[in-house]
Number of protein chains: 2
Amino acid sequence: MTFLKAEQPQLFKDHAYKEIKKGIIQHKVEPGSMLNERSLSEILGISRTPLKLALQQLEVEGWIQSVPRKGIFVKTINRQDVDDVFQLRKANEVLVIELLIPLLDNETIEKIEKVDKQLSDIKKEPLKFVYHDSSFHLFLAELSQNLRLYQLIQNLTDHFNWYGFAALKAGISLDEVYYEHKLIIEGLKARNIHQTTNAVLNHIDNTYSTILESLKE
Amino acid sequence: MTFLKAEQPQLFKDHAYKEIKKGIIQHKVEPGSMLNERSLSEILGISRTPLKLALQQLEVEGWIQSVPRKGIFVKTINRQDVDDVFQLRKANEVLVIELLIPLLDNETIEKIEKVDKQLSDIKKEPLKFVYHDSSFHLFLAELSQNLRLYQLIQNLTDHFNWYGFAALKAGISLDEVYYEHKLIIEGLKARNIHQTTNAVLNHIDNTYSTILESLKE
DNA sequence: TTATGGTATGTGGTATACCAGATACCAATT
DNA sequence: AATTGGTATCTGGTATACCACATACCATAA
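Residues numbered from 1 in each chain as written. Chains lettered and ligands numbered in written order. Predicted model: local features only at pLDDT ≥ 70, side-chain atom pairs only at ≥ 80, totals over all residues. Heavy atoms only, no water.

As recorded in an unreviewed UniProt entry, chain A goes by GntR family transcriptional regulator and comes from Cytobacillus citreus.

This is the structure we're talking about:
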């Protein structure tokens, strides 16, 4: 009877994890602000036990910091952290390309173009757009066939989105981003690691610059 | 009164995390075997609540997999995982070198040599040796001034130690490893990124080969 | 007025009781 | 003998009560 799709039950801890993380990325809670376990459990309608598991994961992944018997604090955003994530992202997105290109076939490239096309269709909505920009990068990471690398890229792009959320809400140069994606796809089509890597690095550099500008304010 | 060193209380979850992780790396629990929360809490002398937090962290970091209402299982070791970690380690240890070299001064290089010297003094004991091999890599990562990168390298070297534990217990070509470290240090002294990077990649390649051989058995 | 210290309150940490899903076993039925 | 289905038991998931530490506040005393 396995054809009856076995939808797994959403665990409370997973639900809490997603909700809190979303709230942080979208700056619904300020960086540096305190999270109260009892309040959060009430808001989410769950007890403290599964909530604690969600918070544990968020801490391991670098979103919050727990200070025993004092409180749980959303990490602050500073130049050092942005730079750290930036460096990691560059190195590991380059790795994605290096792993991906030898695996490429025409069918895969078509899929990549399709994903990017969906992106362009909604570029009028900055908030949705950013998720699809990340989706593009995540899709490439997924195709690299390295699960750990995928999870790492996920975490890094999520942090980039957090750092640059102000710029994204204000509206960003979406056409440029779309053009940069096109350059990446061209590199992939040519199966040229050097060309593609340059396109990716340039794309990340530009996102980084945008973030730094929005942080100055 | 801050001169009275404020030793922070070891939280139960941290203690449990370290103990369980050590047990996994040293193959005191077999890959694939099941961990029982109630048994573990008895063995560690703590309740299930802090234990769950430790398990949550171990799962996020890739050591175990929790299947709701079925059990918690130590991850199995397979070629794909080893390769994934191998690829990530290469890319990110190269990043360490790229970040580190512009930061080097003579004092720092002396420290690095000192750490490596301590390593050579105990090369007769394989089990201790491996921790100091990792310490060497971790020390370089720490000097790169990127906290996230440091934590990533920590996780990756720990997994390498887990994968290759059989080979390490059997006794490994310690002289070779020591020689390879010397090459890395020479590269650092020359402030030569290309030279150092090659030495690091060669070192990781050799460790990888050793792991693969021990996995065949 | 200022310093002190006790107390009330708020925090996360911990232990535990209970719940529901998953599983294994065994008896009843065919 | 093979199949069914119910039950006992094992699992992690959840809720909750209580604890110890940290802190803010306020009364008290110098």
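Take the interface of chain A and chain B next. Bring the parts together and some accessible area is lost; that lost area is often taken as the interface size. Facing 28 residues of chain A, the contacting portion of chain B comprises 28 residues. Contact between chain A and chain B buries roughly 2,400 Å² in total, counting both sides, with carbon and sulfur atoms accounting for 58%. Of all residues in chain A, the largest losses of buried area upon contact with chain B belong to Gln56(A), Leu88(A) and Arg148(A), amounting jointly to 26% of the total for that side. Applying the counting criterion to the chain A and chain B interface returns zero salt bridges. For the interface between chain A and chain B, the tally reads 15 residue pairs in polar contact (both at pLDDT 80 or more). For the side of chain A that touches chain B, the secondary structure elements donating two or more residues are helix H3 (48–60), helix H4 (79–100) and helix H7 (147–163) of chain A. Sorting elements by how many residues they give to the side of chain A that touches chain B places H4(A) first, with nine residues. The residue makeup of the side of chain A that touches chain B, split by class, is twelve nonpolar, ten polar and six charged. (Contact = heavy atoms within 4.5 Å. Buried area = accessible area lost by both parts, 1.4 Å probe. Salt bridge = Lys/Arg side-chain N within 4 Å of Asp/Glu carboxyl O. Polar contact = N/O pair within 3.5 Å; in protein donor to acceptor, adjacent residues only side chain to side chain. Helix = DSSP H or I, 4+ residues; strand = E, 2+ residues; numbered from the N terminus. Nonpolar A, V, L, I, M, F, W, Y, C, P; charged D, E, K, R; others polar.)

Any two side chains of opposite charge can pair, given that their charged atoms come close. Per the stated rule, a full pass over the model turns up 14 salt bridges over all chains. Linking Lys189(B) and Glu113(B) is a salt bridge whose minimum nitrogen-to-oxygen distance equals 2.8 Å. Residue Lys189(B) is located in helix H9 (residues 174–189), and its partner Glu113(B) is located in helix H5 (residues 106–121); the two are separated by 76 residues in the primary sequence. Bridged by salt links that share partners, the residues Glu37(A), Arg48(A) and Lys52(A) form one connected network.

Given two aromatic rings, their pairing is described by the distance between the two centres and the angle made by the two planes. Per the counting criterion, the structure on display carries six aromatic pairs over all chains. With a centroid separation of 5.5 Å and an interplanar angle of 55°, the aromatic rings of Trp63(B) and Trp162(B) are classed as tilted. Of this pair, Trp63(B) sits in the loop between helix H3 (48–60) and strand E2 (64–67) while Trp162(B) sits in helix H7 (residues 147–163), placing them 99 residues apart in sequence. Each member of the pair Trp63(B) and Trp162(B) is classed as buried. The ring of Phe160(A) has Arg89(A) lying over it, and the distance from NZ or CZ to the ring centre is 4.8 Å. (Phe/Tyr/Trp six-rings, centres within 6.5 Å; stacked < 30°, edge-to-face > 60°. Buried < 20%, exposed > 50% of the residue type's maximum accessible area, 1.4 Å probe, protein only. Lys NZ or Arg CZ within 6 Å of the ring centre and 35° of its normal.)

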